[in-house]
Structures are given as structure tokens and as C-alpha cells.
Amino acid sequence: MKFSKNISKNLLTNFKNTFKINRTPIISSLILSLFYVTIILYYTHGALIFGGDQYGYYSVSQALVTIDPQSIIYALFLFFSFNNFYSAFYVSLFVFTFVALYSIYHVTIAISENALEYKYLTFIGIIASLFYLFNPLTITNRSLSILSNISIYQTSFIIFLYEVIKLFNNNSYKFKIKDSIIMGIAFAFSLRPFPNYVRIFITAIIIFCCFLIFKILFDSDNLSKNVKLYIRVIFIASIFAIISSLFITLPLIMNFSKINQTATYASTSIVSKASFYYGQFNLLIQTFRLEGLWYFPTSLVPYNKIYFNQPFIILSSLSWVILAIFIPILLINKYSYRIIISLELITVITIFLGKGANLPFGNLFLLAIDHVPFGLQLLPPSFMVQLLLPILYSVLIAYSIAIIGISLIKKTKKNYMFYFTSILLITLVLISALPVFNGTVEGQYFNENIKGYRIPYEYTQVKDYLLYNNANALVLPATGAYVGNSWGYSGAGNIYPAFYYPVKMYTISTFGSYAAANPAYIKAYDNLTEPLKPPLNYSKINSELSDPIYTSKNLTYFRVAYPFKNPVNLNDYSYLKITVNLSNSSTFNSAISGGLQIWVISNGFGNTYTIGPNCHRCYFNISNKTLSLEIFLKEPDTSSQYFNISNVNSLEFEFFNRSKIFNITSTPQIYGGFGFSVNKSWLNLTREYGINYIMVDKSIISGNIETYNYVNQTINYLINESYINPVYSDNTLTLYKINMPN
């Protein structure tokens, strides 16, 4: 009893001492975290704001499917909140925010403690935390990106960066064994699922090398004294990083062949090519302003216009550049130049990668990604931007504001100038985060009034039904890697497997991460979502095609258009068949790997069909240099009010390939087919995957790779042929039981 009392007393004493030493960062981080969560709660009224690759946690068992630090913490909060995932989300958000801000505070102190008086350190630690919460990168993709810098992964990398700064900041005598251990564990906990753990590793090496280079250039005497220390630190940190990262390295080792295959296909997919490194979105100035992510200038961010036409917003975003890049170098002092210049070098490297193939030195970027295996995939342009710039900009701007204020005190001999200037600059910097403060960022791009999302009750009813019947289901329409739902969710299609766990809800995501880039999984998913096959017979469409018209754009875009001499009516056809002769079938296959789309054009507007490894509801084969394509004629995009399938004007081939274009040697032949035939192997596949039900989700408004036209025709046909019958229906979902024949 006495022993246990002594332990409790010692723990309490240590806690009091720790709180006393860290009272300021703890209190300030708690207040800012509460402020941040309160803003989000005010606009969302407690709704969820998962999105992007973060599809959410909906039960303890589902959270623990992937054992990593973040999922374990979510599982704990879900358990203590009796599986109320709304409460668990906001409690977790508060905790994650606090830990992130507490870490940023200490990073800021670490770069400034030799350069500034103690009374200024607290101030810049707090404002750096404020800037980290409300930097422009947090508003570039609506509400979902608010969470991009608040996670265990990101916070762990901040702690890793703090330990690296501490090691090289002329404080080697302070670097203890426990710091090496923390460095290794923090690095391990910053690792994210494939392929991001490789990207984190490369980023960490770049950071370590930048600090080491400046140590060699400016402090070689101390470097020679500390070689043994650096070797010891790397050794100890590596040991603990290896042990602590088993949660992510073991699955990699066990599934290496499958992951390697997926990586190979992903590296050649259209998604990984030019559009992600060469465009108007990531021009140098946009990357400098922290607005260089591909989706920022798109309709996904409807408020982006204010960053291009509102003077105060433009000035605010430019102030981030000036205060983070130029002021620290201009006003640098002898006590901090090694660290500041190292951080600036890392910032410049990150911006160079972020701008991709754009000027200046865009050719160097292209040279690197073309000759380094998986170059673009190992370190894509936006990765380091999203990981590092919120950290680097925040601490460098805080440092700049303090240096400016101190300089004014020395010139004017008036202490109030420090606070006056600081408040003015802080206000200027934070104007760029206006969409966070006025609630715009929390709204969905397709409906400003939807702030976050709540899972419709129907989903819970269907889940309970499937759990009761111990059954799995297939989600239709078939989806890609990402989906958008009318009730507010926009992100990874994993939301279906996640929410319905342990029931298996089949989407492409059910086949594993990056399955949408693997032709083997795409084929399996296509077969599973294809109860019907194209018609056996086609009739020739009697309308002549005019001579081809060739157009191109940049090095990545090539289009061949075949206008119809007289408009054709395709309204009576379910499928279109196209045959063309090729000059070189191998060159055509190369073109397909780069990306090929078929456009059916009416009145200048068109429906598009992607051909190749990611082809859905389309079939192609090449025999004796003759290409044969069959595509399901989906209904027109509702936004294209001028498209009229009964008045089609032209057929167009569009390629995305930087170097290889194939030649069509003859005018395409066009055929129309109507009706369907049953895919007899479909029932065998549902047996193989243990699927007993089909769930049609009428709320999917984006990310569906097959149309409701196809789904409705499929469902009606299967009902008429007695293959399925409805068992549940509401405004959003309809559940059909599959009748398994003997």
C-alpha cells in the first residue's frame, strides 16, 4: 500500500512539474483547439467532415481493422462514446488539434531560442500555432482539407522535425538518448499507408540532408565533434522506428507482390501523368501562395475566385510568401542563420517540386521523373507541399513577425511598436483564411448549405438488416475510387465498406487500396457489376463521316474528330460499336496506356467514354490491326442541356500521351445495338464473393462509373427474369435479394 502511494505521489509531482514548465504551451494549445473545434461545430452543428482519402470511423471493430496510432485513438473514443461516431469525431479532433499545436509551439521555440529573448518566444509559439490552423492550404479543398494538417500522422512528423532541429541547432549537448527514441517513434507514427510511407521516408531524408549540408558548410568544427553523436542518434532512432512501424511494414512484407503489382499499374495510369504536374493550378506563384493544388481552381472549391480578384485576399496570401521566404533571410541574425537557412532551403525544394513541370526549370523536373523509377509516384508534386509548407510557413512567419517587431523597438525606442506591428501583421495574414471564419469552407461544393454530412438513417436500417441476415451486398451504380453523395459526403468510396463493417459492401475499394489502378481488380469488379452483356447483333448506322479533323494542345493532348455529314439518331440503341483500322497496333496499345477517350458529340457537347485499363461498360479488342470497340450509350450529363442523343454530330478520339500518337488508316465504321443478354457467369461470381443482395444507392451524384440508365435497365431486366426481388426501399436506398438458382 505504501509503495503504491509513493508511486501515485511521484506521478502527481512529475505531472505538476511538467505542467508548471509547459503551462503556457499547454494552456494556449487548449484554448486554440477549443476555438478551432467551436468554429467547425458552429457551422456543421455536429456533422462529420471526413472527405478525400479520410473516409471516417464508424465502429470500434472497423477502426481496429487497420492497427495504427490514429485508428487506435479513434477506437478508444468510439468505445467511450458508446459508438456515437459524431461525438467521437469531435473529441478526437480536439485531441489531435491540441497535440499538433503543442508540437508546432515547440518547433517554433526550437528555431528561435538562440535568436530571441525568452519573453518573445512564448508569443511567437502561440501565433505560429494560430497560423498552422488557418493557413491557405487548409482551405483549398472545402471542409475535408480542414483535417489535412490535424492528424496523428502529421503531428508525428512535426515531432520528428522538432527533434531534427534540436539535433542540429547547436544544442547537441541537450540531445539525450530519449530524444533519439522519440525521433524514431515519431517518424514511425508519421508513416501512412502505401505508397505514402515511401514518400515520408524520402521527405525525411531530404530534411536531414539539408540540415547536414549546412552543418558541413557553416559549422564544420562542431560537425567533426558530433559525428559520433549523429551516428548514435541515427542508429537508435532507426531501431525504434523499425520496431514502432511494424504496424505498417508487416502488411507491406506480407503483401509485397500484390502491392508491387498495384504500384506498377498506378505509375502508368492516366491519373499519375501530366495533368498532375503541368498545369495552370501549380504555377510558381500559386505554389508560393499555398494555392497550387490541382483542385483549388476547379468547381470543387467554389470560393476560389476571391483569391484571384479580391485585393485584400490577394495581399494577405502574398504576405505569407513575403513573411515566410524573404523577411527571415533579410533580417536573419548570427544566432539562428544555420537553422533558418536550412528551413528556407527545404521550403524552396518543396516549392520547386510543388510547381512540377512549370517554369522555371520545369525541364529538370521532367528529366527527373522520366528517368528515376517511379519518380513521380515516389514524390508527387503536391505531397511535400501539403506535408511541409503548413509547418514551415507557420514557424517562419511567426519568426519574421517577432524580428520585425524587435527591429522597430530598437529604431523607435517604443515597446508598444512590437505589439502594434504584430497585431497588424497577424490580421493581414489571417485574412486569407476568411472562408474558414465565415463558414464557406465547411459547405459542400455542390450545395453550399450542406455543412459536413450526417449518415442517413436508411443506411443504418440496411446495415441492421444485412447483419441480421448475415449477408453481404453489392453497391450499384458501380463506383470509382471516390464518390459524392447528395447528403454531403465527398471522398473515398471506402465509406461503404467502412460504415457497413463487418458486412462486406462491394465497391472497387473493397478490393483494396489503389484497386482502381490495377487492371486485375478492375476486371474482377467489372465482372461483378455486370449482370448484363452487350447485344449479340448490331446494325450499320447509315451516315457518312467527313474527313478527320486533327487538334492538339501542349504535349499531352491529341484529338481526332470525325463529323457526321448528316446528324444521326442514337436514341434507339443501347450500345455503340466502332471499328477502325490501325497502322500500328502496338503504338495504339501505348496510346491506350497513356489514356484514350471516345466522345459522342451533339451540338458541341459530348458524352465521354474512357477506353483502356480503366474501361467500364466498354469492350475492345485488336485483331489484324483492326480495333473493335463496344460502348454502352449512357444518358447525357444533366449539366449538358444542349446534348441530344437523337442528334449526334460527330465522333471523336482523344488521347493523353506525351510522345506517341497512332494513325487511323481508315474511316471508322459505326454500328448500333439494342437490348441485352444475361451474363451467365454473374451468379457464379456473386456466389464466389458471398454476395446475397444488391443495394442501389440513389444518392450517388459523382464518382459513379456506370450510369443510372444502365443500372435501371439492369435492375428491371433482372426483376423481370426473376433473378432478384426487392426487400427494402426508401428515398435513398433500394435493397434487392438475389435469387440463387439450384
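In every chain, residue numbers begin from 1 and rise along the written sequence. Local features in a predicted model are, by the rule used here, given only for residues with pLDDT of at least 70; side-chain atom pairs are given and counted only at 80 or more, and totals for whole chains, interfaces and linings are based on all residues. Where side-chain values are given, they derive from all heavy atoms of the structure, hydrogens and water being excluded.

Please clarify how the sheet that holds strand β6 (residues 490-492) should be interpreted in this entry.
Working definition: the strands of a sheet are paired by backbone hydrogen bonds and lie parallel or antiparallel to each other. Strands pair, by our definition, only if DSSP identifies at least two bridges between them. Under the scheme used here, helices are H or I runs from DSSP no shorter than 4 residues and strands are E runs no shorter than 2 residues, and both carry numbers assigned from the N terminus. Strand order in the open sheet formed by three strands is β6-β5-β21, and the pairing between neighbours is antiparallel. Strands at the two margins of the open sheet, each flanked by one partner only, are β6 and β21 (700-704). Pairs of neighbouring strands in the sheet enclose a mean axial angle of 20°, with direction left out of account. When strand β5 (residues 479-485) meets β21, the two strands line up antiparallel, connected through three bridges. Each bridged residue has a counterpart across the sheet, and for asparagine 485 the counterpart in β21 is isoleucine 700. Interaxial angles span 0 to 180 degrees and are taken between N-to-C directions of axes, which are lines fitted to C-alpha atoms, for helices over the stretch in contact.

Hey, could you run me through the environment of phenylalanine 160 in this one?
With respect to the helices, strands and loops of the structure, phenylalanine 160 is situated in helix α7 (residues 152-168). Exposed residues in this analysis have more than 50% of their type's maximum accessible area, buried residues have under 20%, and partly exposed residues fall in between, with area computed by a 1.4 Å probe over protein chains only. Take phenylalanine 160: its relative accessible area is 6%, and that puts it in the buried class. Residues phenylalanine 160 and isoleucine 182, spaced 22 residues apart in sequence, show a C-alpha to C-alpha distance of 7.6 Å.

Explain the pairing of strand β12 (residues 575-581) here, please?
Sheet faces and side chains relate simply in a regular strand, where the side chains alternate between the two faces. Burial analysis of β12 places five of its seven residues in the buried class, which makes it a mostly covered element. Relative to strand β16 (residues 626-632), β12 runs antiparallel, the two being bridged by seven bridges. Considered in β16, the bridge of threonine 579 is made with serine 628. Bridge count for β12 against strand β18 (residues 669-673) is five bridges, and the pairing is antiparallel. By the bridge assignment, tyrosine 575 is partnered in β18 with glycine 673.

Where do I start with the packing of α7 against helix α8 (residues 177-190) in this structure?
Packed helices, taken two at a time, are described by the angle between their axes plus the distance between the axes. Closest axis-to-axis distance for the α7/α8 pair is 7 Å, and the angle between their directions is 150°. Viewed along their axes, α7 and α8 adopt a mutual orientation that is roughly antiparallel. Where α7 crosses over α8, the two elements pack in a sense that is left-handed. Of α8, the residues touching α7 (which contributes Ile152, Tyr153, Ser156, Phe157, Ile159, Phe160, Glu163, Val164, Lys166 and Leu167) are Asp179, Ile182, Met183, Ala186, Phe187, Phe189 and Ser190. In this count, Pro and Cys sit with the nonpolar residues alongside Ala, Val, Leu, Ile, Met, Phe, Trp and Tyr, while Asp, Glu, Lys and Arg are called charged and the others, Gly among them, polar. Residues that form the contact of α7 with α8 fall into these classes: twelve nonpolar, two polar and three charged. Each angle receives one of four descriptions, namely roughly parallel if under 35 degrees, roughly antiparallel if over 145, roughly perpendicular if within 65 to 115, and oblique otherwise. Each crossing is labelled by how the near helix is turned from the far one, with a counterclockwise turn of less than a right angle marking it left-handed and a clockwise turn marking it right-handed. Contacts: residue pairs with any heavy atoms within 4.5 Å of one another.

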